[in-house]
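Chain and residue survey
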Amino acid sequence: MKQKVKSIRPFIGAENFEVSRSFYRDLGFEEVAIDPKMSLFRWNDIGFYLQDGYVKDWIDNTMVFVEVENTDEFFQEVQSLNLTEKYGSVKISLVQTLPWGKECFVHDPSGVLWHFGEFFQQ
C-alpha cells in the first residue's frame, strides 16, 4: 500500500464515561467531544477514542502501549498527579527494567491497562 499512514486511534470503553473522561484529562490528554457518548483524547501526536460503552471481557483484555521519552520521568509525573487517591480503582505500577527497555503500568478507572515505556537503543 502506498498511502501514508497518519495515525492510529484505538477505541477504548468506559464503565463510567464521566469518571473516565475526567481521569484522562487529569492524566494529560486533551479532550475533543465528538458526541455525548464518545470523545477523542489527544496527547501530542497520539490519540484514542473513549466510548460510553462497557463490555467487561473487552475492557479486561484491552491494553495500549504508549512510547515515552523517559519512563522514569513519566512515572514521577504520573505519581505527582495523585490519580490513585482521586480515582479509587486506578493502579500505577513501579518502573520495570526489562531486556528491551523500561515500562510502567497505569490501570484506568475501568481497568484498561496502559503501558508507558521506552525502548533501549540498539
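Conventions we followed
- Along each chain, the written sequence defines residue order, and numbers are assigned to residues from 1.
- In view of the model being predicted, local features appear only for residues whose pLDDT reaches at least 70, and side-chain atom pairs are presented and counted only at 80 or more, with totals across whole chains, interfaces and linings using the full set of residues.
- Working from all heavy atoms in the structure, the side-chain values ignore hydrogens and water.
- Using protein atoms alone on a 1 Å grid, points that fit a 1.4 Å probe yet trap it form a cavity, whereas open point sets bounded by protein on both sides within 12 Å along at least five of seven lines form a pocket; residues with an atom within 4 Å of a point count as lining.
- Grid points are joined across faces, edges and corners, and a volume is the space filled by probe spheres set on the points.
- Labels follow the DSSP assignment, with helices taken as runs of H or I lasting at least four residues and strands as runs of E lasting at least two, numbered in each case from the N terminus.
- When residue character is reported, Ala, Val, Leu, Ile, Met, Phe, Trp, Tyr, Cys and Pro are called nonpolar, Asp, Glu, Lys and Arg charged, and the others, Gly included, polar.
- Any two residues whose heavy atoms approach within 4.5 Å at even a single point are treated as in contact.
- Whenever two N or O atoms come within 3.5 Å, that pair is a polar contact, provided that in protein one can donate a hydrogen and the other can accept it, and provided that, for residues adjacent in sequence, both atoms are side-chain atoms.
- Strand pairing requires that DSSP identify at least two bridges connecting the strands.
- Each axis is a line fitted through C-alpha atoms, taken for helices only over the stretch in contact, and angles between the N-to-C directions span 0 to 180 degrees.

1. What to know about the layout of surface pockets
Of the voids in this model, the largest pocket is the one considered here, and its volume is about 530 Å³. For the largest pocket, the lining is made up of 22 residues, of which Trp43, Ile46, Val66, Glu67 and Val68 are closest to its centre. The set of elements that each furnish at least two residues to the lining of the largest pocket consists of strand 4 (46-51), strand 5 (63-67), helix 3 (71-80) and strand 9 (113-119). In terms of residue count, the dominant contributor to the lining of the largest pocket is strand 5 (four residues). Along the lines of polarity and charge, the residues of the lining of the largest pocket split into 12 nonpolar, four polar and six charged.

2. Digging into the environment of arginine 25
By secondary structure assignment, the location of arginine 25 is in helix 1 (residues 17-27). Sequence-wise, arginine 25 and phenylalanine 41 are 16 residues apart; in three dimensions their C-alpha atoms are separated by 8.1 Å. When residues no more than four places from it in sequence are discounted, the contact partners of arginine 25 are Glu31 and Phe41. Separated by 2.6 Å, the side chains of arginine 25 and glutamate 31 make a polar contact.

3. Some words on the sheet that holds strand 2 (residues 30-35)
With mixed pairing, the four strands of this open sheet are ordered in space as 1-4-3-2. For this open sheet the edge positions go to strand 1 (11-13) and strand 2, each flanked by a neighbour on one side alone. Strand-to-strand twist of the sheet, defined as the mean angle between neighbouring strand axes without regard to direction, takes the value 30°. Helix 1 rests against strand 1, strand 2, strand 3 (38-43) and strand 4 of the sheet, and its axis sits at about 15° to strand 3.

4. Description of the pairing of strand 3
Bridging between strand 2 and strand 3 involves five bridges; their strand directions are antiparallel. The residue of strand 3 that forms the bridge with valine 32 is leucine 40. With antiparallel pairing between neighbouring strands as the criterion, strand 2 and strand 3 make up a hairpin whose turn holds two residues. Of the pairings in the sheet, the one linking strand 3 to strand 4 comprises six bridges and is antiparallel in character. Opposite arginine 42, over in strand 4, you have glycine 47 as the bridge partner. Taking the residues between adjacent antiparallel strands as the criterion, strand 3 and strand 4 are bridged by two residues, where asparagine 44 takes a positive phi near 55°.

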